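# Breakdown of the fold
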Amino acid sequence: MKICPIILCGGAGTRLWPLSRRKYPKQFMDMGGHTLFEDTLRRLAAVPGLAAPVVICNEEQRFLAAAALQRQGMDGRILLEPEPRNTAPAIAAAALAVTAACDVEDGDPLLLVLPSDHVLEDLPVFAAAVAQAAECAREGALVTFGVTPDHAETGYGYLEKGEAFAAGFKVSRFVEKPGQAEAEAMLANGGYFWNSGMFVFRASQYLAELEAQAPAIMAAVRTAWARRRADYDFIRLHREAFAACPADSVDYALMEKSAHVAMVPLPCHWSDLGSWEAVYENSERDAEGNACVGDVLAQDSRGCYLHAASRLVATLGVRDLVVVETGDAVLVADRSRSQDVKAVVARLVAGERREQDIHLRVYRPWGWYETLALGQRFQVKRIQIDPGAALSLQRHQHRAEHWVVIAGEGLVRVGDEEMHLHVDESVYIPQKTMHRLSNVSTQPLEIVEVQTGDYLGEDDIERFEDSYGRD
């Protein structure tokens, strides 16, 4: 029975703001030369005989996911959620995709469901646990992985181990995130494990049990799948049908209600990096207990997480703080309150602040751009275009643009005219003029773009041709 990995990639990671944003969540954050999503893909290599993964993510991250698969040299399908509806609908859509793609001889595939934003060390232990979970799933269980706890954590849910079942154990009960006293009592008891949010089960069993426990979810997902459409290398679920689906987690919708839940112990270091405190605990620290990333100067400071993304961060005489700096926002928080960062993000959302949504640097399928200056009737951007990539053929109704090449070589179309631009050369694009910029070299192309006009929003783009299937 084939095992197909399902990578859940739709989380927002609001507790890791300001590094994690709605359009650039924590699974794609640079963690020092790697990302959590790419770490998840690499983890699959530790388990022999897996099929190509199915990644389910949202519209904004589709090209980030595709680029990561390409960098890892992996085949895989990418399923697009039109709107976030939590893990139960996402897994159901992926299960339908896997089932539809299976050959008759594959039988009923097993699904290995993995979030894309976890830290997990000791891959041989993980691979052995997957094999045990697969044995339990073949015996009719919906299997979750229980991480052996090493401290009384209040930020995780727990599983209580029951009687032996196949290569694992039945789950006696699920425990919501406990208070400190209850967490310490469970740790002392020894029969409790952290609920990892990773699963193995037969695709058919998951779909059948979800149909019984949450029929409204299955009805909406089946309609969204039936009315899907292919878009280049992506599979788009039907927007209106999926938007009508109730939002619920797999634990609440199914696992806590099913009579067929089992667990396999996972005795290795694991974290879901759900807060800056978790990031601190998983970081290297200096003699004063500070975890420092970037250009940081810590003077008489202890027990701090200090992250500088774009400039110097200096601290003096502070203890147990989280300080995270980006180009447009700075978070200063008590480490013990790091779970509450989501309240700050909620205020940003309520105020419609762009800082909850995107960074100054925004990634696109062709490269990235970052805003250098923004004022009344003008905006200045730095733009990098990858080798062989191109912007869409487009025009703007409300702004003119001036491009200056600072690195590389570009092919520019303005109206009906084409020209090559080299370093220190420039071109002017009037309002309502069709234009395109392509990188025809083997090196990154960088330009500075100066926009002027009465409206400078990103939605003032009318596309005529695009290599990436965007409207």
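The structure this text deals with has already been given above.
These notes cover the structure that comes with them. Since the model is a prediction, treat every value here as computed from it, not as a measurement.

With that settled, the discussion passes to helix 7 (residues 215–226). Along its 12 residues, helix 7 runs 16 Å from first to last C-alpha, staying within 8% of the 16 Å computed at 1.5 Å per residue. Where helix 7 is concerned, the buried positions are Ile217, Met218, Ala220, Val221, Ala224 and Trp225. Mapping the buried residues of helix 7 onto a view down its axis gives an arc of 165 degrees, with all of them on the same face.

Below, the discussion takes up the nonpolar core. Counting residues in each nonpolar core, the largest one holds 70 residues, and the members touching the most others are Phe37 and Phe145. Per-element accounting of this core gives the leading share, eight residues, to helix 4 (residues 123–138). Look past the residues within four positions of phenylalanine 37 in its chain and what remains in contact with it is Ile7, Cys9, Gln27, Phe28, Val55, Ala65, Ala68 and Ser116.

Let us now look at the pairing of strand 4 (residues 110–115). Burial analysis of strand 4 places six of its six residues in the buried class, the great majority of the element. Both faces of strand 4 are covered, namely the face carrying Leu110, Leu112 and Leu114 and the face carrying Leu111, Val113 and Pro115.

Two pairing modes exist for strands in a sheet, parallel and antiparallel, and in both the strands are linked by backbone hydrogen bonds. Strand order in this open sheet of six strands is 20-21-22-29-24-27, and the pairing throughout is antiparallel. Edge positions in the sheet fall to strand 20 (361–364) and strand 27 (426–429), since each has one partner strand and no second. Direction aside, the axes of adjacent strands within the sheet are offset by 20 degrees on average. The pairing of strand 21 (residues 367–375) with strand 22 (residues 378–385) spans eight bridges and is antiparallel. When the sheet's bridge partners are listed, glutamate 370 is paired in strand 22 with arginine 382.

Two numbers describe how helix 3 (residues 87–101) lies on helix 7: the axes approach to 10 Å, and their chain directions differ by 45 degrees. As summarised for this structure, helix 3 and helix 7 are arranged oblique, according to the angle between their axes. Where helix 3 crosses over helix 7, the handedness of that crossing is right-handed. Each of Ala88, Pro89, Ala92, Ala93, Leu96, Ala97 and Ala100 in helix 3 lies in contact with helix 7, whose residues at this interface are Ile217, Met218, Val221, Arg222 and Trp225. For the contact of helix 3 with helix 7, the class distribution of residues is 11 nonpolar, no polar and one charged.

Attention shifts here to helix 6 (residues 203–213). Of all the positions in helix 6, only Ala203, Gln205, Tyr206, Leu207, Glu209 and Leu210 are classed as buried. The elements touched by buried residues of helix 6 are helix 3, strand 4, strand 6 (142–147), strand 9 (192–202), helix 7 and helix 9 (250–255).

Okay, the pattern of salt bridges next. Two side chains of opposite charge can pair, provided their charged atoms sit close to one another. The final tally for this structure, using the stated rule, is 31 salt bridges. The residue arginine 335 makes a salt bridge to glutamate 281 at a minimum N-O spacing of 3.9 Å. Of this pair, arginine 335 sits in the loop between strand 19 (330–334) and helix 11 (341–350) while glutamate 281 sits in helix 10 (residues 276–281), and the two are 54 residues apart along the sequence. Residue classification places arginine 335 among the buried residues on the basis of a relative accessible area of 14%.

Let's shift gears to the sheet that holds strand 14 (residues 291–293). Across the sheet, which stays open at both edges, the four strands sit in the order 14-16-18-19 with mixed pairing between neighbours. Each end of this open sheet is capped by a strand with a single partner; those strands are strand 14 and strand 19. Pairwise comparison of adjacent strand axes, ignoring direction, gives a mean angle of 5 degrees for this sheet. Two strands pair when backbone bridges link them, and strand 16 (residues 305–308) and strand 18 (residues 321–325) are joined in this way by four bridges, in the parallel orientation.

Geometrically, the link from tryptophan 17 to proline 18 is a cis peptide bond, its omega value of 10 degrees lying close to zero. Note on placement: proline 18 falls in the loop between strand 1 (3–8) and helix 1 (36–44). Notably, asparagine 86 is not glycine yet its phi reads approximately 75 degrees, a positive angle. Unusually for a residue other than glycine, glutamate 352 sits at a positive phi of about 55 degrees. One can find glutamate 352 in the loop between helix 11 and strand 20. Judged by relative accessible area, which is 72%, glutamate 352 ranks as exposed.

Calculation rules
Residues numbered from 1 in each chain as written. Predicted model: local features only at pLDDT ≥ 70, side-chain atom pairs only at ≥ 80, totals over all residues. Heavy atoms only, no water. Helix = DSSP H or I, 4+ residues; strand = E, 2+ residues; numbered from the N terminus. Expected span 1.5 Å × (residues − 1). Buried < 20%, exposed > 50% of the residue type's maximum accessible area, 1.4 Å probe, protein only. Arc of directions from axis to C-beta. Core = buried A, V, L, I, M, F, W, Y, C linked by side-chain atoms within 4.5 Å. Contact = heavy atoms within 4.5 Å. Pairing = 2+ DSSP bridges. Axes fitted to C-alpha atoms, helices over the stretch in contact; angles between N-to-C directions. Parallel < 35°, antiparallel > 145°, perpendicular 65-115°, else oblique. Left-handed = near helix turned anticlockwise from the far one by under 90°. Nonpolar A, V, L, I, M, F, W, Y, C, P; charged D, E, K, R; others polar. Salt bridge = Lys/Arg side-chain N within 4 Å of Asp/Glu carboxyl O.

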